[in-house]
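Spelled out from the first residue to the last, the chains are:
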Amino acid sequence: MELALQPALRRYPEIATIFETVFDHHGPLSPATTPDDVAHWDSQRHIALVIMIETTYGISLSMDEMMEIRSVADIETILDRHGV
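What comes next concerns the included structure. (Residues numbered from 1 in each chain as written. Predicted model: local features only at pLDDT ≥ 70, side-chain atom pairs only at ≥ 80, totals over all residues. Heavy atoms only, no water.)

### Considerations on the nonpolar core
Inference 1: Within the largest apolar cluster, 22 residues are counted, with the highest numbers of intra-cluster contacts made by I15, F19, L49, I53 and I69.
Inference 2: Secondary structure elements with two or more residues in this core: α1 (14-23), α2 (43-57) and α4 (72-81).
Inference 3: By residue number, the principal contributor to this core is α1, which donates six residues.
Inference 4: With sequence-adjacent residues up to four places away left out, F19 is seen in contact with D24, H25, L29, V38, W41, L49, V72 and I75. (Core = buried A, V, L, I, M, F, W, Y, C linked by side-chain atoms within 4.5 Å. Buried < 20%, exposed > 50% of the residue type's maximum accessible area, 1.4 Å probe, protein only. Helix = DSSP H or I, 4+ residues; strand = E, 2+ residues; numbered from the N terminus. Contact = heavy atoms within 4.5 Å.)

Have a look at this one:
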């Protein structure tokens, strides 16, 4: 099933695939999506999320950036900062 992407996610459509893989999340995603909206977004899966972001986009996140991720918008901000 292909998810309908919010306009902001069109810049980084891989985020939807990452959320499907890491969290088995097949619901809607928007920049406002937070751990409260995604089942299984706990500390262990947060680490898996970081690893998938790094692997998918070929970047390395600092510890501060890892802790900064509290929403899809935060992921987009970090990717922008890395020039992805």
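So that's the structure; there's more coming.
### A few points about α1
Inference 1: Taken residue by residue, α1 has I15, A16, I18, F19, V22 and F23 as its buried positions. Axial view of α1: buried residues confined to an arc of 160°, hence all on one face.
Inference 2: Where α1 terminates, the next one or two residues include D24, which has phi positive at roughly 55°. (Arc of directions from axis to C-beta.)

### Overview of the pattern of salt bridges
Inference 1: By the definition in use, this model includes four salt bridges.
Inference 2: One salt bridge connects D80 with R11, and the closest N-O pair in it is separated by 3.4 Å. Placement of D80 in helix α4 and of R11 in the segment before α1 is noted, with a sequence separation of 69 residues between them.
Inference 3: The residue R81 makes a salt bridge to E68 at a minimum N-O spacing of 2.9 Å. Of this pair, R81 sits in helix α4 while E68 sits in helix α3 (residues 63-68); the two residues are 13 residues apart in sequence, bridging distant segments of the chain.
Inference 4: A relative accessible area of 47% means that R81 is categorised as partly exposed. (Salt bridge = Lys/Arg side-chain N within 4 Å of Asp/Glu carboxyl O.)

### A short note on the layout of surface pockets
Inference 1: Taken as a whole, the largest pocket encloses approximately 200 Å³ of empty space.
Inference 2: If you trace the largest pocket, you find 14 residues lining it, with S43, H46, I47, M66 and M67 closest to the centre.
Inference 3: Residue assignment for the lining of the largest pocket shows that the elements contributing at least two residues are α2 and α3.
Inference 4: The greatest single-element share of the lining of the largest pocket, amounting to six residues, is contributed by α2. (1 Å grid on protein atoms, 1.4 Å probe; cavity = no way out; pocket = protein on both sides within 12 Å on 5 of 7 lines; lining within 4 Å. Points joined across faces, edges and corners; volume = space filled by probe spheres on them.)

### Structural notes on the packing of aromatic side chains
Inference 1: For the structure shown, the criterion picks out four aromatic pairs.
Inference 2: Residues Y12 and Y57 carry aromatic rings whose centres are separated by 6.0 Å and whose planes lie at 85° to one another, so their mutual orientation is edge-to-face. Taken as a pair, Y12 in the segment before α1 and Y57 in helix α2 lie far apart in primary sequence, 45 residues in all. Grouping residues by exposure puts Y12 and Y57 together as buried.
Inference 3: Through a chain of ring-to-ring contacts, three or more aromatic side chains come together here, namely F19, F23 and W41. (Phe/Tyr/Trp six-rings, centres within 6.5 Å; stacked < 30°, edge-to-face > 60°.)

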